[in-house]
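Structure assessment
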Amino acid sequence: MSLLYTGSEWTVDVLDRAYEACEEVGRELKLDWYPNSLEIVSFREMLEIYASHGMPVMYEHWSFGKSYLKNYNLYRKGYMGLALEMVINTNPCVNYLLDENTATGQTLVMAHAGIGHNSFFKNNYLFRERTQADSIVDYLVFAKRYVAQCEERYGQAKVEAILDCAHSLMNHGVDKYRKPKVLSAREEEERQKERLAAHEANYDEVWGILDETRPRVHSWAGRNFKPRGETFLPNGPEENLLYFIEKKSPILKPWQRELIRIVRKVAEYFSPQTAGITQVANEGWATTVHYYAMNRFYERGLIDDGAMLEFLNLHTSVVYQPAHDDKRYSGFNPYHLGHSIFMDMKRICEDPTEEDRYWFPDYAGGDWLETWHHMFKDYRDDSFIQQFLSPKLMRDMKMFVVDDDTDSTEYVISKVHDERGYRDVRKALADSKSPGARIPDVQVHRVDFDSRTAYLVHHTDDGTCLNEDQAGEVMDNFSYLWGFGVELITRDRQTGAVIRGYESNY
Amino acid sequence: MVTIVDRRLNPPGKHEGNRQKFLDRARGQVQDAVRRSVSERDLKDVGRDERVKVRSKDVSEPGLTKDPRTGTHRGVFPGNKQFQEGDREPKPPQGGATGGHDGPDSLDEFEFTLTRDEFLEFLFEDLELPDFVKRSMNVTDDWSHSRAGFTNDGSPANLSVVRTYKRSIGRRRALHRPTDEEVAELEALIPGEDDPEERARLEGLLEELQARQRVVPFIDDTDLRYNYYEDRPNPSTQAVMFCLMDVSGSMGEREKDIAKRFFLLLYLFLEKKYDRVDVRFVRHTTTAEEVDEKTFFYDRLTGGTRISSGLELIAKIVRDEYPVSDWNVYVAQCTDGDSFGDDNQECRKIIIDELQKRVQYYAYVQIESQFGSMYPFAAPNYIPPVSGAWPLFEQLAEEFDNVECRKVSDQNQVWSVFSSLFQRKRP
């Protein structure tokens, strides 16, 4: 077996050979992935790519400009090593390789992103449900063009106003329980044409003007809008705030609804990745793949000692987990946590102890590759941790649970990594990775038909309220899009007591 | 096989649109920050690496997020060293989040760097050199010959063939002039015709057509069209700016600094806005000399004050090197106005005789000293006499449209004075 490369310089041939080797490992692991495209970029392009969330095409918005500048600052100050890699969930899968990486670095990236992340995107249940890798780029092309057209027609300021408001509600623009329809750029254009036709049908011939104020029946708004009497939403509270506004706002024009729809679709596409609900499993899996790959390459003589040492160096820095009292601590490193869980389960399959047999009766002594497949395909972070975090790992990482009552002056260490504490530690960690942990539960409950005020309720389980000023701003935005007043209350889910309230009448 | 693409070869600036949108949004604040920096920063640093702080308000991205200071939270942490179940730890005073920090940027302000170009653009957004069009037309001999449509009369060299031909077609159609093809066709028919009656008819017809052809001309005088040219005056786009600085002893370090800031702004302004502007630096004490940029800004000199010496030198340079017909001349002068009394007459004479009619714009900036300049150890209730150059220039400003005068008493005013002098005039 000849070496894939020597030294640290890489060429396109090296990339080719190394990629082939990675694909072989992928086949060894019985994986399935989208065809890959490797793109070499310099750090400037990498910053641009960060700013548009990695998408090769994206509509323009000032927040992306701000994001670019922020990352640029962080990078220049040295706070943020530019990630060795960036990869996006599309078919074909685009992997961005930083040109400064060494040959070992690029090989690692290709295994990590090209095989690891790629197979995760293609097979993990959440991604299969919520995203369409085949059509997202086409859709974004449509979106970019549509936004640009609206800017030309209606002015940048007006478009920005809508996009700003929609962005602020992006975390609440996803259906947690409904399966999204397949994206199709062509369908979108068809819908647009229909909408335009219906709009023109409202042309008032007597006055020769487009009568904007006449109430009319749209197919996209109003069907569920019962005229009088009922104030509660007929289908129950609506958790997808963007959807609610897009369909039911009395004042928005068709093009404005379309813009909101675009933001909503983008939010949906990114939803498995935002709020970190698959980060541990995803990064853990990719790390595991690259770790397996590099070790196999070394075993088979494809990389030399120097390269292996370099890899080990890179790997250890990627999975480094500082302790809670270390200056560098910033939470659980998902690379470390995920990778450790995968490796731990492999051990439990191959060489289980008594404890393992007790805690993992279904997996102990089983086939590790099968288990790995099951792990990365069928779980998201909270269920992943709940199912696979072992007491051994909790001991290794010396995990402990802290209860923080913001009214109290003390922290309480309620559980540690011992027999009494394992289940609670695991549950607490799993809960912290659930979607509800970071994103508050806010839903539209009802609409008052006389005043057209919308009533939103934020349920809280632990007394946590919303950030006041931000909530105020977001309610202003909601009110702007809704056209009438809006009220938001924070209510304790158990007791029903109302803790806070915000109002806006834009 | 895998596709490998080298994106570094792509033209840069895909994010330009987003950056532009962001700058537009933060525009007001960026402008303020930029203008403040002109007064505050070291002269040599102005424009370089300009950091701008923008308040979050205009560029904030709010969302419905949880407030960590409320409610009860349960968190898991790694690396337990000594805690047992049930232990209690006092919280650190006010704002102690366990462990992690957010990174360097605070929530209230957002800082970023402008490129030099952007900086200058923001700084000089609404300003321009006034009055490029020459005041007196007959002074200029720079005209341009340009097309101005068509006319019925002209010299054969200007004949517009296409236009003429078009008109002739119309006329011929209207008067039913037979075409050559029609005649030829008819002619060709005749020899083949055996029937004598038919032949005679055809021949008669042919004669008619030919006669008609003779009567209705192919091209008539009324068809003729000629290209028309007009003479238009060309605005002269060459400009020269004279920077005249008083470096006499009465100008202390502080005053010189203010003057230098003013000229630096002017210099940056011209460099940024105009392609071809000559900048000439003249400094004077009792005598005047022309210097280069570096010496003008950085060198030290001192002496007495005779403003007229500077004006004389400028007038001379203008006479020798900048014919008024080709050049727009501008003068900007900074002084503390503290010249010898009788110098005013000289100045007035030079300005009225030579400069005023030759310059497009004369800007006079007087820097107020904190005390009287000739009397640094003045008594506390000393009131400096209203003498010196100010009254002269005030009067000149009233007499002539293209003379302006301003006072500056401290470096924070430099910007507002500068912008008022060069404010773009709305037509």
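Above this text sits the structure in question.
Quick summary incoming for the structure in this document. (Residues numbered from 1 in each chain as written. Chains lettered and ligands numbered in written order. Predicted model: local features only at pLDDT ≥ 70, side-chain atom pairs only at ≥ 80, totals over all residues. Heavy atoms only, no water.)

Our focus in this paragraph is the nonpolar core. Residue and element names in this part refer to chain A. Counting residues in hydrophobic clusters, the biggest one holds 76 residues, and the most contacted among them are Phe297, Leu337, Ile341, Phe384 and Met399. If one sorts the elements of this core by residue count, helix α4 (residues 103-123) sits on top with 9 residues. Ile49, Cys150, Val474 and Met475 belong to the second largest nonpolar core, which has 60 residues in total. (Core = buried A, V, L, I, M, F, W, Y, C linked by side-chain atoms within 4.5 Å. Buried < 20%, exposed > 50% of the residue type's maximum accessible area, 1.4 Å probe, protein only. Helix = DSSP H or I, 4+ residues; strand = E, 2+ residues; numbered from the N terminus.)

Take the packing of helix α1 (residues 12-28) of chain A against α4 of chain A next. Residues and elements named next belong to chain A. The N-to-C vectors of α1 and α4 enclose an angle of 40°; their axes lie 9 Å apart at closest approach. Here α1 is positioned oblique relative to α4, judged by the angle of their axes. For α1 against α4, the interelement crossing comes out right-handed. Contacts between α1 and α4 involve Val14, Leu15, Ala18, Tyr19, Cys22, Glu23 and Gly26 from the first element and Ala103, Gln106, Thr107, Met110, Ala111 and Ile115 from the second. Counted by class, the contact of α1 with α4 contains 9 nonpolar, 3 polar and 1 charged residues. (Axes fitted to C-alpha atoms, helices over the stretch in contact; angles between N-to-C directions. Parallel < 35°, antiparallel > 145°, perpendicular 65-115°, else oblique. Left-handed = near helix turned anticlockwise from the far one by under 90°. Contact = heavy atoms within 4.5 Å. Nonpolar A, V, L, I, M, F, W, Y, C, P; charged D, E, K, R; others polar.)

With that settled, consider the sheet that holds strand β3 (residues 72-77) of chain B. Here 4 strands make up an open sheet; going across it, the order is β3(B)-β6(A)-β7(A)-β4(B) and the pairing antiparallel. Both outer strands of the open sheet, β3 and β4 (88-90) of chain B, are each paired with one neighbouring strand and no more. Averaged over all neighbouring strand pairs, the angle between strand axes comes to 25°, with direction disregarded. Examined bridge by bridge, strand β6 (residues 400-405) of chain A and β3 of chain B share 6 bridges and lie antiparallel to one another. Across the sheet, residue Val402 of chain A finds its bridge partner in β3 of chain B, namely Gly75 of chain B. (Pairing = 2+ DSSP bridges.)

This part is about unusual backbone geometry. Excluding glycine, residues mostly carry a negative phi; peptide bonds, for their part, are mostly trans. Residues and elements named next belong to chain A. Note that the residue after Asn91, namely Pro92, is joined by a cis bond; omega there is 5°. Relative to the helices and strands, Pro92 is located in the loop between β2 (85-87) and β3 (93-98). Non-glycine residue Lys30 carries a positive phi angle of around 60°. Relative to the helices and strands, Lys30 is located in the loop between α1 and β1 (36-41). A relative accessible area of 62% means that Lys30 is categorised as exposed.

What follows concerns the interface of chain B and chain A. Each side of the interface is counted separately: chain B has 63 residues, and chain A has 93 residues. A per-residue breakdown of the area chain B buries against chain A is headed by Lys21, Leu64 and Lys66 of chain B, which together make up 12% of the total. Our count for the contact surface shared by chain B and chain A stands at 10 salt bridges. Here Arg74 of chain B ties to Asp403 of chain A by a salt bridge, and the two come within 2.9 Å at their closest N and O atoms. Here chain B is connected to chain A by 40 residue pairs in polar contact (both at pLDDT 80 or more). Of all the elements in the fold, those that place two or more residues in the side of chain B that touches chain A are β1 (3-6), α1 (16-25), β3, β4 and β5 (109-114) of chain B. If one sorts the elements of the side of chain B that touches chain A by residue count, α1 of chain B sits on top with 7 residues. One ladder, built from 4 bridges, connects β1 of chain A with β1 of chain B; its direction is parallel. Paired with Ser37 of chain A across the strands is Thr3 of chain B, a residue of β1 of chain B. (Buried area = accessible area lost by both parts, 1.4 Å probe. Salt bridge = Lys/Arg side-chain N within 4 Å of Asp/Glu carboxyl O. Polar contact = N/O pair within 3.5 Å; in protein donor to acceptor, adjacent residues only side chain to side chain.)

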